[in-house]
Amino acid sequence: MTIRANYEIAKKEYEKWGINVDEVLEQLKNVPISIHCWQGDDVAGFEVNKGELSGGIDVTGNYPGKATTPQELRADLEKALSLIPGKHRVNLHAIYAETNGEVVERDQLEPKHFENWVKWAKDQGLGLDFNPTLFSHEKAADGLTLSHPDEQIREFWINHCIASRKIGEYFGKELGTASLTNIWIPDGYKDVPSDRLTPRQRLKESLDKIFEEEINEDYNLDAVESKLFGIGSESYVVGSHEFYLGYALKNNKLCLLDTGHFHPTETVSNKISSMLLYSDKLALHVSRPVRWDSDHVVTLDDELREIGLEIVRNNALDKVMIGLDFFDASINRIAAWTIGTRNMIKSLLYAMLVPNEHLKQLQEDGNFTERLALIEEFKTYPFGAIWDYYCKKMDVPVKETWLEEVKQYEQDVLAKRYSVLA
């Protein structure tokens, strides 16, 4: 049977529950995912005075062919985007600046250092998001940045974050879509601290200075990202969930939840509805932790499906800014982007094909038997046929056929990179 025929049969199954599948697909294609550039080069960046990866971040594996120049990274992103349905965004870190061989300290970065990224984004019809990079630097070597007891070091990182907000504003003005500029810092202690309060006071004061200048939210949205533990900060992280949640609510900033930044028994999906009661918008970095914040490629597991359901059934597709954050150097990096992003979109589609209003009413009525039965039955509804048709409609490969394109790209492009290095 053809993809279209399978779609028509599957559509009837969902229509029995009042779900207009054609409308669902029209809605889905307008939901952007912010795809992180750092999967393509193992979080290396392009600084002239590049340092070792630090800040509790580790990229494992040595799969050949990683991008080593901005041109290679953009080409790899283009290839991945050609395999992913919909129109999306690209998320940059400050270390992806292009300075033409000149050493430019991070607190001196300007929009001009990202002009090539903006030109490329315009050509591709993409939005850009941004992050100051507060790791992999000599001034972050002891694991402290915005909360550092040394005022000069704090000032350096404050100025870097101010510069980053201006770069985000530049992206928004040039591309006609607001950039999300997100601040994450690695600050914390390996062992139990004797003073938790003072570093947090310094962090609050640093953030206040960073956000002193008002920037039009049509161009730039500010977010702060929490973490509960990390490698080298197992006992105490300055920017905890409670710290940033309070700061974001009080100062009208977005709180960004990274799915790898919580204890193993916590789920981000369970936090979304609570936060939407008090915030107009929130942001996500979706990854897959395995034992710790290991940033594995996103799979269509129970938690990802639940995240999609929480966004969709709470009518929050325009309130939750969805970004990805994983980096796996043990597999083909373009495949990693493709697998993870397609899975994020699948989770949203799955949620949009569930009779959420009916299930809500069953819960209100106390009919938990029927609620559970239907939730389980919908897991085997013909969702795959709808996904296949959506991919065909959006002119991207259907099912696993995208793998052939990745293999060909590896042969034609990536192999030449590692043969040169060899």
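Structural data are supplied above this passage.
The residue numbering used here restarts from 1 in each chain and proceeds along that chain's sequence as written. Only residues with pLDDT of at least 70 are given local features in this predicted model, and only at 80 or more are side-chain atom pairs given and counted; all residues enter the totals for whole chains, interfaces and linings. Water and hydrogen atoms play no part in the side-chain values, which are based on all heavy atoms of the structure.

1. Topic: the overall build of the protein
Selection criterion: Helix and strand assignments follow DSSP, with helices taken as H or I runs no shorter than four residues and strands as E runs no shorter than two, numbered in order from the N terminus. When accessible area is computed with a 1.4 Å probe and restricted to protein chains, residues below 20% of their type maximum are described as buried, those above 50% as exposed, and intermediate ones as partly exposed. For this analysis, residues touch if any pair of their heavy atoms sits within 4.5 Å. Note on areas: Shrake-Rupley with a 1.4 Å probe; residue coverage comes only from the protein chains shown.
The helix and strand inventory of the protein stands at 14 helices and twelve strands. Once the C-alpha set of the protein is aligned to its principal axes, its extents read approximately 65 × 55 × 40 Å. The buried share among the 422 residues of the protein stands at 55%. Put simply, 80% of the contacts in the protein that link residues at least 6 apart link residues at least 24 apart. For the protein, the exposed area adds up to about 18900 Å²; of that, 48% sits on carbon and sulfur atoms.

2. What to know about the packing of aromatic side chains
Put simply, the test is: The rule is short: rings of Phe, Tyr and Trp, with Trp giving its six-membered ring, pair when the centres are within 6.5 Å, and they are stacked under 30 degrees, edge-to-face over 60, tilted in between. The rule for a charge over a ring is simple: NZ of Lys or CZ of Arg within 6 Å of the ring centre, and within 35 degrees of the ring normal.
One pass over the full model with this rule turns up 19 aromatic pairs. Plain terms: the ring middles of Y189 and Y236 are 5.7 Å apart, the flat faces sit at 15° to each other, and that makes the pair stacked. Here the residue Y189 occupies a position in strand β5 (residues 188–189), and Y236 occupies one in strand β7 (residues 236–237), the gap between them amounting to 47 residues. Aromatic side chains W387 and Y390 sit 6.1 Å apart centroid to centroid with 45° between the ring planes, which places their arrangement in the tilted category. Placement of the pair is W387 and Y390 together in helix α13 (residues 383–393), with a separation of three residues, close to one helical turn. Of the two residues, W387 and Y390, neither departs from the other in class, the shared state being buried. An aromatic cluster is defined as three or more aromatic residues linked by ring pairs; in this entry it consists of Y14, W17, F378 and Y381. Looking at R74, its charged tip hangs above the ring of W117, at a distance of 4.7 Å from the centre. A cation sits over an aromatic face here: K253 above F211, 4.4 Å from the ring centre.

3. What to know about the layout of surface pockets
The line we're drawing: Only protein atoms enter the calculation, which uses a 1 Å grid: trapped sets of points that fit a 1.4 Å probe without letting it out are cavities, open sets showing protein on both sides within 12 Å along at least five of seven lines are pockets, and any residue with an atom within 4 Å of a point is a lining residue. Grid points are joined across faces, edges and corners, and a volume is the space filled by probe spheres set on the points.
Roughly 560 Å³ of internal volume is contained in the largest pocket. As for the largest pocket, its lining consists of 19 residues, and the residues nearest its centre are E306, L309, R313, L359 and I375. Of all the secondary-structure elements, those providing two or more residues to the lining of the largest pocket are α9 (302–313), α11 (356–364) and α12 (368–377).

4. Comments concerning the environment of K166
Tracing the backbone shows K166 in helix α5 (residues 151–175). Between the C-alpha atom of K166 and that of K416, which follows or precedes it by 250 residues, the distance is 37 Å.

5. Quick notes on empty space enclosed by the protein
How we decide: Classification convention: Asp, Glu, Lys, Arg as charged; Ala, Val, Leu, Ile, Met, Phe, Trp, Tyr, Cys, Pro as nonpolar; all other residues, Gly among them, as polar.
All chains considered together, the criterion is met by five cavities of 30 Å³ or more. In this structure, the second largest cavity spans a volume of roughly 80 Å³. In this structure, the second largest cavity is lined by 13 residues; those nearest its centre are E47, V48, T99, V104 and L109. A per-class count over the lining of the second largest cavity returns eight nonpolar, two polar and three charged.

6. Quick look at the nonpolar core
Test applied: To qualify as a nonpolar core, a set must consist of buried Ala, Val, Leu, Ile, Met, Phe, Trp, Tyr and Cys residues joined through side-chain atoms within 4.5 Å.
Among the nonpolar cores identified, the biggest contains 124 residues, and W117, L146, L207, L284, I311 and L348 are the most heavily contacted of them. With eleven residues, the top contributor of residues to this core is helix α10 (residues 333–352). In this view, L284 contacts L256, L257, V268, I272, I307, I311, V320, M321, I322 and G323; residues no more than four positions away in its chain are not counted. Counting eight residues, the second largest nonpolar core, distinct from the first, contains A178, L254, L256 and A283.

7. A few points about a nonpolar patch on the surface
Stated precisely, the cut-off is as follows: The patch calculation keeps residues exceeding 30% relative accessible area without a salt bridge and links them within 9 Å when they carry like charges or within 5 Å when they are nonpolar (Val, Leu, Ile, Met, Phe, Trp, Tyr). The term salt bridge refers to a pairing of a side-chain nitrogen on Lys or Arg with a carboxyl oxygen on Asp or Glu at a separation within 4 Å.
Side chains of L249, L277 and Y278 sit close together on the surface and give an oily, nonpolar patch of about 380 Å² of accessible area. Looking at where Y278 falls in the secondary structure, it is placed in the loop between α8 (269–276) and β9 (282–286). Take Y278: its relative accessible area is 63%, and that puts it in the exposed class.

8. A word on the packing of helix α3 (residues 70–81) against helix α4 (residues 115–124)
Let me state the cut-off plainly: Here the axes come from fitting lines to C-alpha atoms, over the contacting stretch only for helices, and the angles between their N-to-C directions go from 0 to 180 degrees. Orientation categories follow fixed angle ranges, with anything under 35 degrees roughly parallel, anything over 145 roughly antiparallel, 65 to 115 roughly perpendicular, and all other angles oblique. In a left-handed crossing the near helix is turned counterclockwise from the far helix by less than a right angle, and in a right-handed crossing that turn is clockwise.
At a minimum axis distance of 12 Å, the contact between α3 and α4 shows a crossing angle of 25°. The angle between α3 and α4 places the two elements in the roughly parallel class. Two packed elements cross with a definite hand, and for α3 against α4 that hand is right-handed. Taken together, the residues of α4 that come into contact with α3 (itself represented by L73, R74, L77, E78 and L81) are N116, W117, W120 and Q124. Across the contact of α3 with α4, the residue classes break down as five nonpolar, two polar and two charged.

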